[in-house]
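Fold and geometry: a report
Spelled out from the first residue to the last, the chains are:
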Amino acid sequence: MDARPDENIESERAPTGDPRGAVRFGLSARLLVLTGLFVMLAEVLIYVPSVANFRRNWLNDRLAAAQVAGVVLEAVPPGGVPSGFEEKLLAGVGARAVAVRVGGARRLLATAEMPPEVARVIDLRDAHWATLIADAFETLVFPAQGPVRVIGAGKGGADFVEIVMDERPLRVAMLTFSRNILILSLAISGITAFLVYLALHLIIVRPVRRLAANVTAFEHNPEDAERVIRPSERRDEIGEVERALALMQETLSRELLQKKHLANLGLAVSKVNHDLRNLLASAQLLSDRLSQLSDPTVRRVAPKLIATLGRAIAFCEATLAYGRAAEPQPRRRVVRLAPLVRDLADFLDLAGNGITFVVDMDEDITVDADPDQLSRILINLGRNAVQALAQAGAGPSAPTLTIAARRDGRSTVIRVGDNGPGVPAKAREHLFEAFQGTSRRGGVGLGLAITAELVALHGGHIVLEEEGPGATFRIHLPDRTNGNGA
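What to know about the environment of Gly382
Turning to its location among the elements, Gly382 is positioned in helix α9 (residues 371-392). Note: C-alpha distance between Gly382 and Leu350 (32 residues apart in sequence) is 9.6 Å. If near-sequence neighbours (up to four positions away) are discounted, Gly382 is found in contact with Leu348 and Leu401.

Brief notes about the pairing of strand β12 (residues 472-478)
When you tally the buried positions in β12, you get five out of seven residues, the bulk of the element. Across seven bridges, strand β10 (residues 411-418) lies against β12 in antiparallel orientation. Counterpart to Val413 in the pairing with β12 is His476. In this structure, strand β11 (residues 461-464) lies alongside β12, joined through four bridges in antiparallel fashion. Among the inter-strand pairings, His461 is bridged to a residue of β12, identified as His476.

Focus on the pattern of salt bridges
For the coordinates displayed, the defined rule picks out 13 salt bridges. Across the pair Asp368 and Arg480 runs a salt bridge, and its minimum N-O distance is 2.8 Å. Within this pair, whereas Asp368 is found in strand β8 (residues 366-369), its partner Arg480 is found in the segment after β12, the two being separated by 112 residues in sequence. Judged by relative accessible area, Asp368 falls into the buried class, the value being 0%. For Glu465, the salt bridge is made with Arg415, and the minimal N-O distance between the two is 2.6 Å. Placement of Glu465 in the loop between β11 and β12 and of Arg415 in strand β10 is noted, with a sequence separation of 50 residues between them. When its relative accessible area of 14% is taken as the criterion, Glu465 is described as buried. Relative accessible area serves as the criterion here: at 27%, Arg415 is assigned to the partly exposed category. Among the charged side chains, a network of salt bridges with common partners joins Arg120, Glu138 and Glu167.

A short note on the packing of helix α4 (residues 129-141) against helix α5 (residues 168-220)
Following both chains from N to C, one finds α4 and α5 inclined at 100°, their axes separated by 9 Å at the closest point. When the axes of α4 and α5 are compared, the pair comes out roughly perpendicular. On α5, the residues touching Ala136, Thr139 and Leu140 of α4 are Leu170, Arg171, Met174, Leu175 and Ser178. Of the residues assigned to the contact of α4 with α5, the class counts are five nonpolar, two polar and one charged.

Topic: the pairing of strand β5 (residues 158-165)
Burial within β5 is extensive, with seven of its eight residues counted as buried. The sheet contact formed by strand β4 (residues 148-153) and β5 spans six bridges and is antiparallel. Bridge assignment links Arg149 to a residue of β5, and that residue is Val164.

Some remarks on the sheet that holds β11
Spatially, the five strands line up as an open sheet ordered β7-β9-β10-β12-β11, and their pairing is mixed. On the outer flanks of this sheet lie β7 (356-360) and β11, each paired with one strand and no other. Each strand axis lies, on average, 15° off the axis of its neighbour in the sheet, ignoring direction.

Remarks on the confidence of the model for the protein chain
When the pLDDT values of the protein chain are averaged, the result is 77; 71% of them are 70 or greater. Low pLDDT, under 50, characterises residues 1-23; the predicted model gives this stretch 30 contacts beyond four residues in sequence or across chains.

Quick look at a nonpolar patch on the surface
A cluster of nonpolar side chains, contributed by Ile191, Phe194, Leu195, Leu198, Leu202, Ile203, Ile204 and Val208, occupies part of the molecular surface with about 700 Å² of accessible area. Along the chain, the position of Leu202 falls in helix α5. Note on Leu202: relative accessible area 43%, which makes it partly exposed.

So, the nonpolar core
Ranked by size, the top nonpolar core spans 40 residues in total, and within it Leu337, Met361, Leu374, Leu381, Ile414, Phe473 and Ile475 carry the most contacts. For this core, the secondary-structure elements that each account for two or more residues are α8 (337-347), β8, α9, β9 (400-408), β10, α11 (447-457), β11 and β12. By residue number, the principal contributor to this core is α9, which donates eight residues. With near-sequence residues (within four places) excluded, Leu381 lies in contact with Val416, Leu448, Thr451, Ile462, Phe473 and Ile475. The next biggest cluster of nonpolar side chains, apart from the first, holds 29 residues, and it includes Ala66, Leu132, Leu140 and Ala173.

So, the packing of aromatic side chains
Evaluation of the coordinates by the stated rule reveals three aromatic pairs. A centroid spacing of 6.4 Å and a plane angle of 85° characterise the contact between Tyr47 and Phe137, whose relative ring orientation is edge-to-face. With Tyr47 in helix α2 (residues 27-75) and Phe137 in helix α4, the pair connects residues that are 90 residues apart, well separated along the chain. A relative accessible area of 16% places Tyr47 in the buried class. With 6.3 Å between their ring centres and 75° between their planes, Phe432 and Phe473 make a pair best called edge-to-face. Of this pair, Phe432 sits in the loop between α10 (425-428) and α11 while Phe473 sits in strand β12, and the two are 41 residues apart along the sequence.

Some points on the side chain of Arg227
Along the chain, Arg227 falls in the loop between α5 and α6 (237-290). Only 2.9 Å separates the side chain of Arg227 from the backbone oxygen of Ala217, close enough to count as a polar contact.

Comments concerning the packing of α9 against α11
Between α9 and α11, the shortest axis-to-axis distance is 9 Å and the interhelical angle comes to 150°. Regarding the angle of α9 to α11, the classification is roughly antiparallel. Seen from above, α9 lies across α11 with left-handed handedness. In this structure, α9 uses Gln373, Arg376, Ile377, Asn380, Leu381 and Asn384 to contact α11, whose residues at the interface are Gly447, Leu448, Ile450, Thr451, Leu454 and Val455. Of the residues assigned to the contact of α9 with α11, the class counts are six nonpolar, five polar and one charged.

Topic: unusual backbone geometry
A positive phi angle, near 55°, is found at Asp126, a position not held by glycine. Mapped onto the elements of the fold, Asp126 is located in the loop between β3 (120-123) and α4.

Rules behind the numbers
- Residues numbered from 1 in each chain as written.
- Predicted model: local features only at pLDDT ≥ 70, side-chain atom pairs only at ≥ 80, totals over all residues.
- Heavy atoms only, no water.
- Helix = DSSP H or I, 4+ residues; strand = E, 2+ residues; numbered from the N terminus.
- Contact = heavy atoms within 4.5 Å.
- Buried < 20%, exposed > 50% of the residue type's maximum accessible area, 1.4 Å probe, protein only.
- Pairing = 2+ DSSP bridges.
- Salt bridge = Lys/Arg side-chain N within 4 Å of Asp/Glu carboxyl O.
- Axes fitted to C-alpha atoms, helices over the stretch in contact; angles between N-to-C directions.
- Parallel < 35°, antiparallel > 145°, perpendicular 65-115°, else oblique.
- Nonpolar A, V, L, I, M, F, W, Y, C, P; charged D, E, K, R; others polar.
- pLDDT = per-residue confidence, 0-100.
- Patch = residues over 30% accessible without salt bridge, like charges linked within 9 Å, V, L, I, M, F, W, Y side chains within 5 Å.
- Areas by Shrake-Rupley, 256 points an atom, 1.4 Å probe, with all protein chains shown as cover.
- Core = buried A, V, L, I, M, F, W, Y, C linked by side-chain atoms within 4.5 Å.
- Phe/Tyr/Trp six-rings, centres within 6.5 Å; stacked < 30°, edge-to-face > 60°.
- Polar contact = N/O pair within 3.5 Å; in protein donor to acceptor, adjacent residues only side chain to side chain.
- Left-handed = near helix turned anticlockwise from the far one by under 90°.

In C-alpha cells form, the structure reads like this:
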C-alpha cells in the first residue's frame, strides 16, 4: 500500500508555542554538515601520508638526478669539462653539492660555493613512515633557515648519494601539492555530501518527517480513525516502524473510544444507582413494617428481605463509589461460611429454576472476610452458573450448582461449580476483565471483573479450573497476618 498523499495530515504543524514546531537546525542540515565533515576527515587521513610520500619522492628524484649528473661528469676525461658545465648540472639538479660513496670512498663529484654548515640532515635510507610524516610537517611548518643535507640510497655500485640543497623549493612544491589536495578534497566532499544527503533524505529523512507529521496530527485528535497512518510497502526498518505505529494508533484509538463510551456509561449508571438507592431505601422502610406483622410466613421471610435490601443499598453506594475511585476496603471479620452459602438458594431462587443445590463443607468452617463482599462474590458466581445452566437447557443429568469449601493452612478455599456447558475458549482469554469476559448474549462482562477485584482486596485470587464438566471457580482467601483469622 502506497503512502497516502494526505496534504491535510502531512502539512499539519504543532501549534504556536510548541517547541517541536521551532526546528532551526533540522535532521537534513545536520546530515549534510556531518557528511561533509566526515568526508573531510577522511581526506585529512589520506592527505597526511600522501604529503609525506610526495616529499620523499620529490627528494628521491633530486637524488637520482644528482647521481646521473655525477655519472656524466665521471665519464668526461680530465680537463674536458667545458667552463660552467658543472654549475649548469648542479642548477638542473637544484643542489649546491653532490657526493657519492662508492666502495667505501666518498667522491665529491661537483661543487659550488659550499655553505659553512647545514641546517638539517634528511636521511631517506630505511626511514620509517612516522618519521617521514613528522619530517614532512616540520618542513611545512618550520622550514630550515639554511641549506639541508639529503642522503639517499645509491644505485649501481654506489653505497649512497647525498646532496646539499635549499629546502625552499621543496616547501613550495609541498604547498602546491597541499593546495591541490585541498581543492580536490573540497570538490569530493561537496559531491559526496550532496549525493549522500540526497539519498538519505529520500530514504530516511522524508519518511521520518512523514512519521513526525502523522504523530503530531494524531496527537491533536487521536479518536479520529482517519489520522491513523497508512503503512507503505517498505520492508526495511522504516516500514516496520510505520506498521508498528499504525497498529499502536489503531489500538489507542479503539481504547480511547471504548473509554469514552465507558465514561458515558459510568455517568448513566451513577445516575440510575442514585435514584435506585432512594427507591430501595423506601422499600426497606416498608419491609421493616412488614416484619412487625404476626403472620409466621411474613416473619420468616421479612428478615431475609430486609437483609437483601440492605445489601442492595450498600451495593448501589459501592457502585457510586466505584465510579469515583474503586471498591471500598473490606471490613473483615471471622464468620461462618455455611449460612452465607445457604442464603444463595433464596437469593438465586434455585428451587424455582429447577436447579439442585449441593453444599459440600463442614458446618463450622469459618472464613476471614467481609461478609457483604463475600456474599457479592458468591452471588455473582452463582448467578453466572444459573444463567449458564438455563442456556444449556435439559441435559442427561439434572442441573446442579455445587459450593464446596475447606481450610488449607491459613487460607480458605471455596469452589463454586456447575455441570453446565462450561466457559468457551474465547471468553477464557479475558475472563476477569471488565466488558471483555462475557460469552452470554446481553451480558456486559462486569460480574467476574467485580468478583476478581473483591477477591484481590482480600489478598486472595480466583481461577477457573480446567478439569471437570461445566465451570468451576476456585477462590483462595488467606487469613489476615495479624492472627485474627480462623
